[in-house]
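# Structural overview
Take a look at the letters that make up each chain.
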Amino acid sequence: MEPAELRATAVDVLTGNDVEGRYTRPAAGLYPHQWSWDSAITAVGWAYLDGARAATELRSLFAAQWTDGRVPHIVYHGRGGYFPDAGRWRTAEVPSAPPVATSGLVQPPVHALATWRLWEVTNGAFEIGDLITALYPALVRWHRYLHERRDDGRGGVVIWHPWESGTDNAPRWDVPLAAIVPEPRPVYARADLPHVDEPGQRPTDAEYDRYVWLLDRLADARYDDRRLADSHPFQVTDVLSTAILVVADGALERIAEVAGAPSPERDEIAAWARRGADAVSGARDAATGLYLDRDYVTGAPLPSRTIAGFAGLVAGIEPQLDTLLGPDFCGALDLAHPLPPTTSPADPGFAPRSYWRGPVWPVTTWLLWDALRRSGEADVAAALRDAQLDALANAGMAEYLDPFSGEPLGASSQSWTAAVALDLLADHSTQV
Ligand code: 9WN
């Protein structure tokens, strides 16, 4: 596929997944509602087509923000078509939840980063200036929620559920999930499997039992973070979310300037970013050069080798080039393209076709590409960009790809894949 055709395909996917100009579902069938980090990244794609539409994407997501500041991981538009359905979360019983139906979890805080990218892509156009002014206080409340309610005591972001990491069944969570006994076994029916070609591309039933059991415990606790900190059985410092929050805090500082925020608030944001960066620095594993999650319940670092290990690169602490380009990631044997698999083939939990356990996810390549550019590593960033565009030219706008064959896996028309394709293509066209 030539760049023009690839762009046209990406545009078709975004417009095909657009719902009434209000929000973008991640994929028809598999994900029919609005997801938090998908929406933010998808807005970056919309920015290339229609700045006002990009702004609407973020506004519609933040319209469902809870009064405690959290941005829910799913905003339900209509109630059905997905499991867990809206009612499973029991948010109507929670005082800080909004009147619309949402989940009670969060996802990685890419929103300020995406908002700033909108500003850059649209060259600070009028409507984006308005968006920034309108969204800034909501973004501050969101970051404050994470820094105050989810801080592990060292500046790291604690998550209550693997879905909060966005990398749901990555081997990152195998150890803490194995300690959970989902009794009594929750009663539910999965809705995801008919939407993929083979069940192995999705998490297992054993993983789903734990996801649903944890969800039910969170709903029992009314998502009260203080209560959860005392007793919830899954509490992990997520090093990638921590790193994303560091760079998002940086973006929020720039947004604060555009919005004309008072300087004490700007100082507060800068202090958040420093504290988060210290937390990421402290998570470095000298043996592998990767940054590790930590089980907050046992205190133990979680040694899996996954894309989250590049938290140092994402947070702007060190480029991690040897590890990224070495034999455990982009330089692994027999890869279809020199792109980082989400889990290293050297990790015992690696499975090339299973969700976050090995496939290449265009969205994580995009995160690393963006971080490399910010770190001044233009050549490596360009190589990653070109490899990802080649891979998409063969596979289309798939949710994820088999790292060895390059075959498309999961949903075939995924919104954020299309969005990152547009962002990568725009960079490509300015370079060639
Ligand atoms: C659960 C929508 C979401 C992404 C996540 C991805 C997947 C949901 C699921 O799809 O998660 O939230 O049903 O598997 O893991 O990152 O936001 O694309």
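Residues numbered from 1 in each chain as written. Predicted model: local features only at pLDDT ≥ 70, side-chain atom pairs only at ≥ 80, totals over all residues. Heavy atoms only, no water.

### Looking at the overall build of the protein chain
The number of helices and strands found in the protein chain is 15 helices and 10 strands. The globule rule puts the C-alpha radius of gyration for 432 residues at 22 Å, and the 20 Å found for the protein chain is close to it. With the C-alpha coordinates of the protein chain rotated into their principal frame, the extents come out at 55 × 50 × 45 Å. With 432 residues in all, the protein chain has 62% of them scored as buried. Long-range contacts, defined here as pairs at least 24 residues apart, represent 70% of the contacts in the protein chain between residues at least 6 apart. With an accessible surface of roughly 15400 Å², the protein chain has 52% of that area assigned to carbon and sulfur atoms. (Helix = DSSP H or I, 4+ residues; strand = E, 2+ residues; numbered from the N terminus. Rg over C-alpha atoms; globule rule 2.2 N^0.38 Å. Buried < 20%, exposed > 50% of the residue type's maximum accessible area, 1.4 Å probe, protein only. Contact = heavy atoms within 4.5 Å. Areas by Shrake-Rupley, 256 points an atom, 1.4 Å probe, with all protein chains shown as cover.)

### Considering helix α4 (residues 111-121)
Given 3.6 residues per helical turn, the α-helix brings residues three or four places apart onto the same face. For α4, the buried fraction is high: 8 of the 11 residues fall into the buried class. N123, located one to two residues past α4, shows a positive phi value of around 55°.

### Digging into helix α9 (residues 239-259)
Here α9 spans 29 Å end to end across 21 residues, near enough to the 30 Å set by a 1.5 Å rise per residue. In terms of burial, α9 is largely enclosed, as 16 of its 21 residues are buried. Backbone nitrogen of L240 and a side-chain oxygen of the N-cap are separated by 2.9 Å at the start of α9; the cap is D238. Looking one or two residues beyond α9, the residue adopting positive phi is G260, at roughly 70°. (Expected span 1.5 Å × (residues − 1). Polar contact = N/O pair within 3.5 Å; in protein donor to acceptor, adjacent residues only side chain to side chain.)

### A short note on the packing of aromatic side chains
According to the stated counting rule, one finds 20 aromatic pairs in the structure shown. An angle of 20° between the planes, with centres 5.3 Å apart, marks the rings of F83 and Y188 as stacked. With F83 in the loop between β4 (74-75) and α4 and Y188 in the loop between α6 (174-178) and α7 (205-220), this residue pair connects regions lying 105 residues apart in the sequence. With respect to burial, F83 and Y188 carry one shared label: buried. (Phe/Tyr/Trp six-rings, centres within 6.5 Å; stacked < 30°, edge-to-face > 60°.)

### Brief notes about the pattern of salt bridges
Per the stated rule, a full pass over the model turns up 34 salt bridges. A salt bridge links R90 to D220; its shortest N-O distance comes to 2.9 Å. With R90 in the loop between β4 and α4 and D220 in helix α7, this pair connects stretches of sequence that are 130 residues apart. Across the pair R222 and E93 runs a salt bridge, and its minimum N-O distance is 3.0 Å. Residue R222 is found in the loop between α7 and α8 (225-231), and its partner E93 is found in the loop between β4 and α4; the two are separated by 129 residues along the sequence. Among the ionic contacts, a cluster of salt bridges with common partners joins D68, R70, R149, R150, E164 and D225. (Salt bridge = Lys/Arg side-chain N within 4 Å of Asp/Glu carboxyl O.)

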